[in-house]
Amino acid sequence: MPTHPFKLRCRRCNQPVRWPPPSPRCPRPTCGGPLQPIRNIVFDATLIEPAQQGMWRYQHMLPPLPDDPITLGEGWTPLLNHKREPYQVFLKNDSLNPTDSYKDRGAAMLINNLGDAEVVIDDSSGNAGAALAAYAARANVQARVYIPVDAHSSKLDQIARYGAEIVTVEGDRDEVARVAEAAANDPAVFYASHAWHPGYVLAIQTIAWEIWEQLGRKAPDWVVLPAGNGALLRGVRWGFRSLQKGKLIKSLPRLVAVQSDHCAPLLAYRKGEYHATHFQAEPTVADGVAIPNPPLIEAMGAAVKKTKGRVIAVPEEEILPAQDKLARHGFFVEPTAALSYAALPYLEHKFKPGQTVVLILTGHGLKSN
Ligand SMILES: [Zn+2]
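Residues numbered from 1 in each chain as written. Predicted model: local features only at pLDDT ≥ 70, side-chain atom pairs only at ≥ 80, totals over all residues.

As for the domain arrangement of the protein
When cut into domains, the protein gives domain 1 (79–101 + 198–368) and domain 2 (103–191). Domain 1 and domain 2 are separated by 24 Å when their C-alpha centres are compared. Taken together, the contacts link 17 residues of domain 1 with 17 residues of domain 2. In the side of domain 1 that touches domain 2, the residues fall into 6 nonpolar, 9 polar and 2 charged. (Domains from an automatic or database assignment. Contact = placed C-beta atoms within 7 Å. Nonpolar A, V, L, I, M, F, W, Y, C, P; charged D, E, K, R; others polar.)

Next up, the structure:
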């Protein structure tokens, strides 16, 4: 049986909300804050079901699944050794998911919690759009993906090939989100927002749980990951926190959020210099983190602070060389995913001999061609 009833509350105003939430944000019109579980999930290793495929080995610690769940085999991606001395580095290769990015975990969770919706929508010209399109195809539900009119993402072809409808919107990234959210006023439409929906973050906890199992039921000392809208950062923190609540690890790994120095709002936030309306960003090859105004920046800052973590802004010109270097080790990932690797030189002086460091590789290199 699940250890957690999966009741939600608003992080800002504490409004209770049932699971699955009818909309991805707090329903109070004056609030609209992010939703999270009322109580921390307590990880119970006796509930792991190794016979289940992928991330569904943890299904009893996640919201209940329908009788005939929709899956493409997401999760349980490899954790591979990269370096042993003087500290150990492992690569968690989450680019090896069905649509080649970690976003499949969240899309799988959301597609199994649609209710009666006939159309599922999101605003994304990247990996979240591709993941949603694939899982909607698998579920035989129509997907509609809203993108900015100037999006030149190579991922649009992947989104279209899964059969999703692509709607272009005049205006910036925020305007696209507003149009998508307004479209969800139709009860037949479900807004599967990868930025807001708590199901995304719940599903991403499985990355932390897999790392713990794959390291021999131990937590690493550090986890390094790209940070855009914060779902990965928050999900990994929730996952390790639930292991700590289950008394399976003593302390949380220190989480390192990596951005490009062309677009590093979280670093500005940590320095007390972030103002959403004035924040200046330049284009970056790391398109997955090209999010100048992450709506949950406060929660992202808390995830870093509460794990005694760090924020690194990698010089833009070092991202593609890092991508090349990783490929020469056998890991062809997209530029956003190379951020974790590019951050290593800025962290090495912090690592102690014998410590364990996990870099999360988020998306495949073929996506960025
Ligand atoms: Zn609220």
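So, the sheet that holds strand β8 (residues 165–169)
Reading across from one edge, β8-β7-β6-β9 is the order of the 4 strands in this open sheet, with parallel pairing throughout. Only two strands of the sheet have a single partner each, and these edge strands are β8 and β9 (189–191). For this sheet, the mean inter-axis angle between neighbouring strands, taken without regard to orientation, is 25°. Sheet contacts for helix α2 (residues 127–139): β6 (119–123) and β7 (142–148); angle to β7, the most-contacted strand, approximately 165°. (Pairing = 2+ DSSP bridges. Helix = DSSP H or I, 4+ residues; strand = E, 2+ residues; numbered from the N terminus. Axes fitted to C-alpha atoms, helices over the stretch in contact; angles between N-to-C directions.)

Brief notes about the nonpolar core
Counting 107 residues, the largest nonpolar core has L132, L225, V236, A257, V258 and L339 as its most contacted members. Looking at this core, the element that brings in the most residues is helix α5 (residues 198–214), giving 10 residues. Setting aside residues no more than four positions away along its own chain, A257 makes contact with L225, A227, L233, L266, M300, V304, G309 and V311. (Core = buried A, V, L, I, M, F, W, Y, C linked by C-beta atoms within 7 Å. Buried ≥ 20, exposed ≤ 12 C-beta atoms within 10 Å, placed from the backbone.)

Comments concerning the sheet that holds strand β5 (residues 88–93)
Pairing is mixed in the open sheet, where 6 strands are placed in the order β4-β5-β13-β10-β11-β12. Of all strands in the sheet, those bounded by a partner on one side alone are β4 (79–83) and β12 (310–314). Between one strand axis and the next, the sheet turns through 25° on average, direction left out of account. Here strand β11 (residues 254–260) pairs with β12 via 5 bridges, running parallel. The residue of β12 that forms the bridge with V256 is R310. Each of β11 and β12 is contacted by helix α8 (residues 297–306), which is oriented at about 135° to β11, the strand it contacts most. Against the sheet, helix α10 (residues 335–342) makes contact with β10 (222–226), β11, β12 and β13 (356–361), and its axis sits at roughly 150° relative to β10, the strand it touches most.

With respect to the environment of G73
Secondary-structure assignment places G73 in the loop between β3 (35–37) and β4. Excluding its chain neighbours within four sequence positions, the residues that come into contact with G73 are Q53, G54 and P98.

Regarding the pairing of β10
For β10, the tally of buried residues reaches 5 of 5 residues, placing the bulk of the element in the interior. Side chains W222, V224 and P226 project from β10 onto one buried face, and the interleaved V223 and L225 project onto a second face that is buried too. Crossover handedness for the path β10 to helix α6 (residues 231–245) to β11: right-handed. Note: β10 against β13, 3 bridges, orientation parallel. Bridge pairing links V224 to L359 in β13. (Right-handed = clockwise from strand over helix to strand, strands pointing away.)

Side note on the environment of P335
Note that P335 resides in helix α10. Residues P335 and K367, 32 residues apart in the sequence, show an inter-C-alpha distance of 9.6 Å. P335 has contacts with V285, A286, I319, L320, Q323 and S368, leaving out every residue within four places of it along the chain.

A closer look at the pairing of β6
By the criterion of burial, β6 is predominantly enclosed, with 4 of the 5 residues buried. Here β6 runs beside β7; their pairing, made up of 5 bridges, is parallel. Bridge assignment links D123 to a residue of β7, and that residue is Y146. Crossover handedness for the path β6 to α2 to β7: right-handed. Judged from the 3 bridges that link them, β6 and β9 form a sheet pairing that is parallel. Within the sheet, the bridge partner assigned to V119 lies in β9 and is V189.

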